Amino acid sequence: MDFKPLQYIWEPAVNGNGYTLLLLHGTGGDETDLLPLAAELGKGYHVLSVRGNVSEHGMPRFFRRLSMGVFDEKDVHFRTHELVHFLKELSLEKGFDVDKLIPVGYSNGANIAGAILMLYPELLAGAVLFRPMQPLQGIEDPFETEKAQPVFMSGGLQDATLEPGATESYATLLEANGFAVKLEMLDTGHQLTRQDVTLAAQWLAQSF
């Protein structure tokens, strides 16, 4: 496949065998957007922050969409495979364990992380999904995991980009396929809040 590398920032930890936080920005962000969160989420992690390879009117994204809230699922598949290929190649270069990746994604970044959970269910160590939407509706094959990886999800009760109950349904789907999901529904909209970061940091400390 015609995979292309992604632009990234790599900040190694002192402990070379530790987990890696994979930072995945929202629409219009880049590889610098979530870096300030990394230190707040915990110490001792490698940090890898990447920029999506898709441009929507000049705004970086991780995959194309057909309209607001409607994803190009063929592109979701391609870009997910492209990202995983990149991560595996980069892990050899930088020396981090690809099996110890914990994506921390916001909005579009959470959605590509969710696509990895669905298409590569045994790959990730866990995931933090801020304001996620289910990235794939009609996957042909089951995506069960036997590892019961922990997944933190936070949704906004006032989020106008989602149908009511969509986040809960997504969490239920992941649970049904073997993931250990912690869902927090906050009284806010689509924006990332201090409460999101605090709850995610507490969850990471308990889970890893």
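On a predicted model such as this, the values are computed, not experimentally measured, just so you know. (Residues numbered from 1 in each chain as written. Predicted model: local features only at pLDDT ≥ 70, side-chain atom pairs only at ≥ 80, totals over all residues. Heavy atoms only, no water.)

Enquirer: Can you tell me about helix H2 (residues 73-94), naming the residues and giving the values?
Expert: The first and last C-alpha atoms of H2 sit 31 Å apart over 22 residues, in line with the 32 Å expected at 1.5 Å per residue. The complete set of buried residues in H2 reads Asp-75, Val-76, Arg-79, Thr-80, Glu-82, Leu-83, Val-84, Phe-86, Leu-87, Leu-90 and Ser-91. Following H2 by one or two positions, Gly-95 has its phi on the positive side, about 85 degrees. (Helix = DSSP H or I, 4+ residues; strand = E, 2+ residues; numbered from the N terminus. Expected span 1.5 Å × (residues − 1). Buried < 20%, exposed > 50% of the residue type's maximum accessible area, 1.4 Å probe, protein only.)

Enquirer: How would you summarise the pairing of strand S3 (residues 46-50) if you had to cite specific residues and measurements?
Expert: Burial within S3 is extensive, with five of its five residues counted as buried. Burial along S3 is two-sided: the residues His-46, Leu-48 and Val-50 and Val-47 and Ser-49 are all buried. The sheet contact formed by strand S1 (residues 8-11) and S3 spans four bridges and is antiparallel. Paired with Tyr-8 across the two strands is Val-50, which belongs to S3. For strand S2 (residues 20-24) and S3, the ladder comprises five bridges, and the chain directions are parallel. Within the sheet, the bridge partner assigned to Leu-21 lies in S3 and is Val-47. (Pairing = 2+ DSSP bridges.)

Enquirer: Could you give me a rundown of the packing of H2 against helix H3 (residues 108-119), with the residues and numbers involved?
Expert: At a minimum axis distance of 10 Å, the contact between H2 and H3 shows a crossing angle of 85 degrees. One finds that H2 runs roughly perpendicular with respect to H3. From H2, Val-76, His-77, Arg-79, Thr-80, His-81, Leu-83 and Val-84 reach across to H3, where they touch Ile-112, Ala-115, Ile-116 and Leu-119. Per-class residue counts for the contact of H2 with H3 are seven nonpolar, three polar and one charged. (Axes fitted to C-alpha atoms, helices over the stretch in contact; angles between N-to-C directions. Parallel < 35°, antiparallel > 145°, perpendicular 65-115°, else oblique. Contact = heavy atoms within 4.5 Å. Nonpolar A, V, L, I, M, F, W, Y, C, P; charged D, E, K, R; others polar.)

Enquirer: Break down unusual backbone geometry for me, citing the residues and quoting the values.
Expert: One non-glycine residue, Ser-107, adopts positive backbone phi at about 55 degrees. Looking at where Ser-107 falls in the secondary structure, it is placed in the loop between strand S8 (101-106) and H3. Of note, the phi angle at Arg-131 is positive, near 55 degrees, even though the residue is not glycine. Checked against the element boundaries, Arg-131 lands in the loop between strand S9 (127-130) and strand S10 (150-156).

Enquirer: So what's going on with the pairing of S10? Which residues, and what values?
Expert: With seven of seven residues buried, S10 is to be regarded as a mostly interior element. Neither face of S10 is exposed, since Pro-150, Phe-152, Ser-154 and Gly-156 on one face and Val-151, Met-153 and Gly-155 on the opposite face are all buried. Note: S9 against S10, four bridges, orientation parallel. Bridged to Leu-129 within S10 is Met-153. Across seven bridges, S10 lies against strand S11 (residues 180-186) in parallel orientation. Counterpart to Ser-154 in the pairing with S11 is Glu-184. Read from S10 through helix H4 (residues 166-176) to S11, the crossover connection turns out right-handed. (Right-handed = clockwise from strand over helix to strand, strands pointing away.)

Enquirer: Please give an account of the sheet that holds S2 that cites residues and values.
Expert: Ordered by their spatial adjacency, seven strands build an open sheet running S1-S3-S2-S8-S9-S10-S11, and the pairing between neighbours is mixed. The open sheet is flanked by S1 and S11, the only strands paired with a single partner. Shown here is a sheet whose adjacent strand axes are inclined to one another by a mean of 10 degrees, direction ignored. Where S8 meets S9, three bridges bridge the pair, whose relative direction is parallel. Residue Gly-105 lies in a different strand from S9, and its bridge partner there is Leu-129. Sheet strands touched by H2: S1, S2, S3 and S8. Its angle to S1, the strand with the most contacts, is close to 40 degrees.

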